[in-house]
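Residues per chain are reported as follows:
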Amino acid sequence: MIKKYRFGDPFETEAVVENIQAEHGEPKFGETSIDNGFSFSYMMDEDEIVYGLGEANRGINKRGYRYVSDCSDDPNHTEDKVSLYGAHNFIIVSGKTPFGVFFDYPARMTFDIGYTKSALLKVSCEYADLYVYVIEGENAYDIVKQFRKIIGRSYIPPRFAFGFGQSRWGYKTKEDFVKVLRGYRDHHIPLDMIYMDIDYMQDYKDFTVNEENFPDFAEFVRKMKEEGVRLIPIIDAGVKIEKGYSVYEEGVQKGYFCKREDGSDFAAAVWPGYTHFPDVLNKEAREWFGSHYRFLIDQGIEGFWNDMNEPAIFYSREGMDELKSYIKEYVQETEDVSPWELGDRVRNLANSPEDYKRFYHCVNGKMIRHDRVHNLYGYNMTRAAGEAFEKIAPDKRILMFSRSSYIGMHRYGGIWTGDNKSWWDHLLLNIKMMPSLNMCGFLYSGADLGGFGADATRDLVLRWLAFGVFTPLMRNHAATGTREQEAYQFEDTDDFRGIIETRYRLIPYLYDTFIKAAENNDMYFKPLAFEYPDDTFAAGVEDQLMIGQEIMIAPVYTQNAKGRYVYLPEEMTLVKFTRDNHYTREKLAKGHHYIEVSLAEVPVFIRKGKTIPIVKVAECVEKLDTEHVEYQGCDN
Ligand code: GLC
């Protein structure tokens, strides 16, 4: 049962697609207040678990910390960080009387879940203008499915997008891409995609290709595809300010960029230097921006990743001027100067909340200050692409995922979880985040495997890939300047081959499971408690996940570990995929077990009475032979 409540004058985010009439009165659970902004307070029982929040820090159970929905470009997301790249305001309180709440509010919103007071759940925001949806159901899983139904079907990518992809910020020329292709093919490691980061463009201009480095781009795209590899270019939010650059000229002339209060186009520096932001909240501007993806689709491109769309701002003109005058004063000062303050001022120049108050969107003829709708930018940039794809290639699935997102965007694309680090902690965070993302509709998702920032180690990359075998988006991506982490860069590549091959052997099963989850508003990844609601031990397990109806996974995520403890809520068959297309199997009883897992192995637990199809490996998805399936399951 779903009830909708309206407070004040909400912005229509279009996160929910089902037409639900707003109720009068107060939600049944908790207390709401509209004095001093909006707040929702609820006293939690000791045993209640709070799920949800999608792309958020910390555990599957969100209790005991606070989280702020405020799409942020922050690669250094240590445990204390409260905002990540996405904003997904859906929570489920799971206890005696379970309920879910979706706060459809596109600006900054705080979820204090037992942080200030251990029993108090308090959700608050500055303006009391929002819709609140309250969902009652049998249990948390049922509530998620009801919620997913009202927000519409999740994006389904093309089949090749379930292959393995290699990425690195720094591949510049045709030769760089061919080198990656050869690295994989010569080592017989499957590969379906190579991602093109900003260097493929001419001076970081969207919808351009550097002609010197790619003299005949369409031909190059075709040749790579013949080798079984798709090139997947990045598109950034900011459009470079440059006389004569057609996208810029057109946007200015049509008035499609975000504007300052005085009507001039707002300028913010990102990778290309100063840029304008397309006003993707304005329907016409969105259509216009989306139409430009055709430039690359016409050259054979079948997938994209949308980046810097919080939108990230290195600095605005105004912010830079303010900093310069501050530094001038600072230099003239002789006493009492604090280097910390100077450092903070410089650091805070990027992604400053002040800048988000400096520009406006034009929605249905009304000017709306960006900070009031901040969390919708990435959503609408991706929507621009998704809506355009329906026109440009109506019969084709185009791969699309975004860095920033809000609920609603899940209908147009997937997400990657932004810039992480080559840290074991971020592997664990990746594991815990996946089911929460599914609760909020984001099924096609994954993290930068091996870690984006910092230097990766061989064992970390192997363990992370072994988890990545199961994430719908399986992509190894790294930042420029970090240690090279393509699978063929390390000693004994057979181990890497074994792991990536396991993905390919499972692709028919994983893709099928994914499609079923999308079509039934179901989850691909689930916490154990969703499948075993009466098992009190399972409720506390956060480092094992259920996939579909058939399997459970328990990834190894610690350095030097030779294996790990696993909890089995029922009897299962442990199948360990090993190098050279082998696997071992062993029936294990319900309960706790220590299992050994070498760096080259991928363990899968198959539930009692279930089977999963396994196919022969191929170098890319198109070459998989799905006719001849070898069945693997439990022995009874
Ligand atoms: C951002 C993206 C990252 C990309 C880089 C350069 O940091 O999150 O994935 O490599 O920009 O485009």
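Just so it is clear, the model here is predicted, and its values are computed rather than measured.

What counts, and where the lines are drawn
- Position numbers for residues start from 1 in each chain and track the written sequence from start to end.
- It should be noted that, the model being predicted, local features are given only for residues of pLDDT at least 70 and side-chain atom pairs only at 80 or more, the latter also being counted only at that level, while totals for whole chains, interfaces and linings use all residues.
- Only hydrogens and water are set aside; all other atoms, that is, all heavy atoms of the structure, feed into the side-chain values.
- The helix count covers DSSP runs of H or I at least four residues long, the strand count covers runs of E at least two residues long, and both are numbered beginning at the N terminus.
- Every radius of gyration here is taken over C-alpha atoms, with the globule rule written as 2.2 Å times N^0.38, N being the number of residues.
- Only the protein chains shown count as cover for residues, and all accessible areas are computed by the Shrake-Rupley method using a 1.4 Å probe.
- In summary, the charge assignment counts Lys and Arg as positive and Asp and Glu as negative, without counting His or the chain termini.
- Note that the charge is assigned to NZ on lysines, CZ on arginines, CG on aspartates and CD on glutamates.
- A fitted line through C-alpha atoms serves as each axis, taken over the contacting stretch for helices, and the angle formed by two N-to-C directions is quoted from 0 to 180°.
- Less than a right angle of anticlockwise turn of the near helix away from the far helix marks a crossing as left-handed, whereas a clockwise turn marks it as right-handed.
- Throughout, a contact is declared for two residues whenever any of their heavy atoms are within 4.5 Å.
- Gly falls in the polar group here, along with every residue not listed as nonpolar (Ala, Val, Leu, Ile, Met, Phe, Trp, Tyr, Cys, Pro) or charged (Asp, Glu, Lys, Arg).
- Whether two strands pair comes down to DSSP finding at least two bridges between them.
- Think of it this way: one heavy atom of a residue within 4 Å of a molecule or strand is enough to make that residue near it.
- Under this definition, polar contacts are N or O atom pairs within 3.5 Å; protein pairs additionally need one hydrogen-donor-capable and one acceptor-capable atom, and for neighbouring residues in sequence, both atoms have to be side-chain atoms.
- Only protein chains enter the accessibility calculation, which uses a 1.4 Å probe; a residue is then buried when its area is under 20% of its type maximum, exposed when over 50%, and partly exposed in between.
- To estimate how far a helix should reach, multiply one less than its number of residues by 1.5 Å.
- By construction, the arc corresponds to the directions joining the helix axis to the C-beta atoms.
- We call a set of buried Ala, Val, Leu, Ile, Met, Phe, Trp, Tyr and Cys residues a nonpolar core when their side-chain atoms join them within 4.5 Å.
- Cavities and pockets are defined on a 1 Å grid built over the protein atoms alone: a cavity is a set of grid points where a 1.4 Å probe fits but cannot escape, while a pocket is an open set with protein on both sides within 12 Å along at least five of seven lines, and lining residues are those with an atom within 4 Å of any such point.
- Grid points are joined across faces, edges and corners, and a volume is the space filled by probe spheres set on the points.
- Only rings of Phe, Tyr and Trp enter the pairing, Trp through its six-membered ring, and a pair is recorded when the two centres are within 6.5 Å. The plane angle decides the type: under 30 degrees is stacked, over 60 is edge-to-face, the rest tilted.
- Counted as over-ring charges are cases with an Arg CZ or a Lys NZ within 6 Å of the ring centre that also lie within 35 degrees of the ring normal.

(A) Representation of the overall build of the protein chain within the structure. Broken down by element type, the protein chain carries 13 helices and 38 strands. Rg of the C-alpha trace for the protein chain: 24 Å, near the compact-globule value of 26 Å for 636 residues, within the 12% margin. Based on the C-alpha atoms only, the size of the protein chain along its principal axes is roughly 70 × 65 × 60 Å. Total accessible area on the protein chain is roughly 24,600 Å²; 46% of this is exposed by carbon and sulfur atoms. The distance from the centre of the 76 positive side-chain charges to the centre of the 101 negative ones in the protein chain is 3 Å.

(B) View of the packing of helix α5 (residues 283-291) against helix α9 (residues 377-392). Axis separation between α5 and α9 bottoms out at 8 Å; the angle between their running directions is 65°. Considering only the axes of α5 and α9, their crossing is right-handed. On α9, the residues that touch Arg286, Glu287, Phe289, Gly290 and Ser291 of α5 are Asn380, Met381, Arg383, Ala384, Ala385, Glu387, Ala388, Lys391 and Ile392. A class-by-class count of the residues in the contact of α5 with α9 yields 6 nonpolar, 3 polar and 5 charged.

(C) Spotlight on the sheet that holds strand β1 (residues 2-7). The strand order β2-β1-β12-β9-β8-β5 describes an open sheet built from 6 strands, whose pairing is mixed. The sheet is open, and its two edges are formed by β2 (22-23) and β5 (49-52), each paired on a single side. Summarising the sheet, β5 and strand β8 (residues 90-94) pair through 4 bridges and their orientation is antiparallel. Residue tyrosine 51 lies in a different strand from β8, and its bridge partner there is isoleucine 92. Against the sheet, helix α1 (residues 140-151) touches β1, β5, β8, β9 (99-104) and β12 (130-136), its axis set at about 155° to β8.

(D) How the structure looks around the site of the ligand. If you check the shell around the ligand, you find 13 residues, and the closest are Asp197, Asp307, Arg403, Asp419 and His477. Between an oxygen atom of the ligand and a side-chain N or O atom of aspartate 197, the distance comes to 2.5 Å. Measuring from an oxygen atom of the ligand, one finds a side-chain N or O atom of histidine 477 at 2.9 Å.

(E) The arrangement of the environment of glutamate 23 in detail. Positionally, glutamate 23 belongs in strand β2. For glutamate 23, a relative accessible area of 33% translates into the label partly exposed. The sequence separation of glutamate 23 and glycine 290 amounts to 267 residues, and the corresponding C-alpha distance is 36 Å. With near-sequence residues (within four places) excluded, glutamate 23 lies in contact with Lys3, Lys4 and Tyr5.

(F) Representation of helix α7 (residues 317-332) within the structure. Here α7 is 16 residues long and its end C-alpha atoms lie 23 Å apart, about the 22 Å a rise of 1.5 Å per residue gives. Gly319, Met320, Leu323, Tyr326 and Tyr330 are the residues of α7 that are buried. Take α7 and look down its axis: the buried residues cluster within an arc of 125°, on one side only. Summarising the geometry of α7, the exposed residues directed more than 90 degrees from the buried face are Lys324, Lys328, Glu329 and Gln332. Looking at the buried residues of α7, the elements they touch are β18 (273-276), β20 (315-316) and α8 (339-347).

(G) Molecular detail of the nonpolar core. The biggest cluster of nonpolar side chains holds 172 residues, and the ones touching the most others in it are Phe90, Ile194, Phe289, Tyr293, Phe304, Leu399 and Phe470. Here the element with the most residues in this core is helix α12 (residues 493-519); it accounts for 13 residues. Membership of the second largest hydrophobic core comes to 29 residues, among which are Ala107, Met109, Leu130 and Val132.

(H) Just the layout of surface pockets, in detail. Space inside the largest pocket adds up to approximately 840 Å³. Asp70, Ser72, Arg108, Asn351 and Pro353 are, among the 28 residues lining the largest pocket, the residues nearest its centre. Elements that contribute at least two residues to the lining of the largest pocket include exactly β10 (109-113) and β11 (120-125). Residue composition of the lining of the largest pocket, by class: 10 nonpolar, 8 polar and 10 charged. One number sums up the size of the second largest pocket: a volume of about 670 Å³. Residue lining of the second largest pocket: 29 residues in total, with Phe11, Glu12, Val363, Asn364 and Ile368 positioned closest to the centre.

(I) Quick look at the packing of aromatic side chains. Summed over all chains, the structure comprises 56 aromatic pairs. Look at phenylalanine 289 and tyrosine 293: their rings are 6.1 Å apart centre to centre, the planes differ by 85°, and that puts the pair in the edge-to-face class. With respect to burial, phenylalanine 289 and tyrosine 293 carry one shared label: buried. Between phenylalanine 304 and phenylalanine 389, the aromatic rings sit 5.7 Å apart at their centres with planes inclined by 20°, giving stacked as the arrangement. Residue phenylalanine 304 is located in strand β19 (residues 303-307), and its partner phenylalanine 389 is located in helix α9; the two are separated by 85 residues in the primary sequence. This pair shows no difference in class: phenylalanine 304 is buried, exactly as phenylalanine 389 is. Here the aromatic residues Tyr155, Phe162, Tyr195, Trp305, Phe401, Trp416, Tyr444, Phe467, Tyr511, Phe514, Tyr524 and Phe525 are joined through ring pairs into a cluster of three or more. Positioned over the ring face of tryptophan 305 is arginine 475, at 4.2 Å from the centre of the ring.

(J) Up close: helix α2 (residues 174-186). The end-to-end C-alpha distance of α2 is 18 Å, a good match for the 18 Å that 13 residues give at a rise of 1.5 Å each. Every buried residue of α2 is accounted for by Phe177, Val180, Leu181, Gly183, Tyr184 and Arg185. Elements that come into contact with the buried residues of α2 comprise β13 (164-166), β14 (193-196), α3 (217-226), β15 (230-236) and α12. Immediately downstream of α2, the backbone of histidine 188 shows phi near 55°, a positive value.

These figures come from the coordinates and say nothing about function on their own.
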